[in-house]
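Each chain is listed here by its residues.
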Amino acid sequence: MRYTQEEFLSQINEHKGIIHKITKMYMDNALDQEDLFQEIVMQLWKAYPSFKGTSKFSTWMYRVALNTAIVFFKKDNRKVDKPPLNEQIEIADTSDSQEKEEKLAYLYKAMQELNQIEKAVIFLFLENQSHREIAQNLGITEVNARVKLNRTKEKLQQIIKKNGYEF
Amino acid sequence: MNFDKLKDDWNKNEPVSTEVSENMLKLKEASTPIDQLRKKMKYEFFGQLISLILLAFIPKLIGFTDELKNIYILFYAIICGFMAYYFFKFYRFYKHSYDLSLDSRKNLLWFYYEMRLNLELYKSLTYIVGFILLAFSAIALFTIKSDLSSKILAKMSITYIAINAVVTIVIIGVITELWATSYYGKYLKRIKIIVDSIDEE
């Protein structure tokens, strides 16, 4: 089955939000996020001929994108000013949507303290995947996926609390 | 902390992002740890090739006798044979594509063992070349009569030469291990940490 570049780009653009969420979760600054974004797009393009179409494009994309992020290491020699984890995020408007934005901003910050696998677990959970799907994507047992998810949730809660925020 | 509520907010939030264009598919080369290791190995391949060429000029530079030159050619041919074998293995590693659509554990284990195998191959090549050169030195010293070997044997005892051989082997080993660890080992170490965390019960 041959896939054209146009088909690939159209599919990627439809689901690019997934890649953006992964890059924000795995990298803590814009430059590294951009590097990871490009790396994921390129790995997806390289792997595209092996996409048989037996599963949904987004399902296949989750795997390739997450696996790329898990083994992606940021450039060692790059110096970036990172805001401290407990820095207050300024939100001028107090409307409901702004509150949600703020909550997610704190969540992304807290996620920086998780390890590569914990990030993958919580990401798949937030993307509405069941314990079984999480286990299948990570290649672990369902019981282990459940244990890992519970531990990650607890750890995330503690990090958020430690940084003086609660939701 | 209400994770169900958080999940809703997460799914309603669509990050603002730019379009993925055709140019993005050609922008840069891949940089997974495997790709970085391959890139370093490629540079090192040229270094080893230059060393191999330089080794060919040693008989002329040192002024070997005809007898010693013939033995050297034989040893040189053995080194070339080993290097060709290892270079072929490295070339296959360099060209072998990987599949990131496997589950994460399989993918990580593939990365880890592929990197580890090639690192061990790389180290064994260094040991083999080192030992062949050491064996050649021993033959040159003890079996071929020349002014240089006679002078060395007259000045040094066999115990002293044996200790020197042991020290040389240890130095080759330490340098190879240190070089492999500092140059390539960091990727392996990082992947191992992730493998351990996925296998954690």
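Everything that follows concerns the structure shown earlier in this document.
Here's what I pulled together on the structure shown here. (Residues numbered from 1 in each chain as written. Chains lettered and ligands numbered in written order. Predicted model: local features only at pLDDT ≥ 70, side-chain atom pairs only at ≥ 80, totals over all residues. Heavy atoms only, no water.)

## Brief notes about the interface of chain B and chain A
Part 1 of the argument: Each side of the interface is counted separately: chain B has 47 residues, and chain A has 59 residues.
Part 2 of the argument: Three residues, M1, W10 and L25 of chain B, lead the burial of chain B against chain A; their summed loss comes to 17% of the area buried on that side.
Part 3 of the argument: The interface formed by chain B and chain A holds 2 salt bridges in total.
Part 4 of the argument: Among the ionic pairs, E19 of chain B bridges to K16 of chain A, the shortest N-O distance being 3.0 Å.
Part 5 of the argument: For the interface between chain B and chain A, the tally reads 18 residue pairs in polar contact (both at pLDDT 80 or more).
Part 6 of the argument: Elements represented by at least two residues in the side of chain B that touches chain A include exactly helix 1 (3–12), helix 2 (33–56), helix 5 (104–142) and helix 7 (158–199) of chain B.
Part 7 of the argument: For the side of chain B that touches chain A, the element with the highest residue contribution is helix 1 of chain B, accounting for 7 residues.
Part 8 of the argument: Across the side of chain B that touches chain A, the residue classes break down as 19 nonpolar, 12 polar and 16 charged. (Contact = heavy atoms within 4.5 Å. Buried area = accessible area lost by both parts, 1.4 Å probe. Salt bridge = Lys/Arg side-chain N within 4 Å of Asp/Glu carboxyl O. Polar contact = N/O pair within 3.5 Å; in protein donor to acceptor, adjacent residues only side chain to side chain. Helix = DSSP H or I, 4+ residues; strand = E, 2+ residues; numbered from the N terminus. Nonpolar A, V, L, I, M, F, W, Y, C, P; charged D, E, K, R; others polar.)

## Examining helix 6 (residues 116–126) of chain A
All names here are of chain A.
Part 1 of the argument: Counting buried residues in helix 6 gives 11 out of 11 residues, a clear majority hidden from the surface.
Part 2 of the argument: Looking only at helix 6, the buried set comprises Q116, I117, E118, K119, A120, V121, I122, F123, L124, F125 and L126.
Part 3 of the argument: At the N-terminal end of helix 6, a side-chain oxygen is found 3.0 Å from the backbone nitrogen of I117, two or three residues along, and the residue is N115.
Part 4 of the argument: Note on helix 6: the residue one or two positions beyond its end, N128, has a positive phi of about 70 degrees. (Buried < 20%, exposed > 50% of the residue type's maximum accessible area, 1.4 Å probe, protein only.)

## Regarding a nonpolar patch on the surface
All names here are of chain B.
Part 1 of the argument: On the surface, F46, L49, I53, F57, L61 and I62 cluster together into a nonpolar patch covering about 620 Å² of accessible area.
Part 2 of the argument: With 3 residues, helix 2 is the single largest residue contributor to the nonpolar patch.
Part 3 of the argument: You can see F46 is positioned in helix 2. (Patch = residues over 30% accessible without salt bridge, like charges linked within 9 Å, V, L, I, M, F, W, Y side chains within 5 Å. Areas by Shrake-Rupley, 256 points an atom, 1.4 Å probe, with all protein chains shown as cover.)

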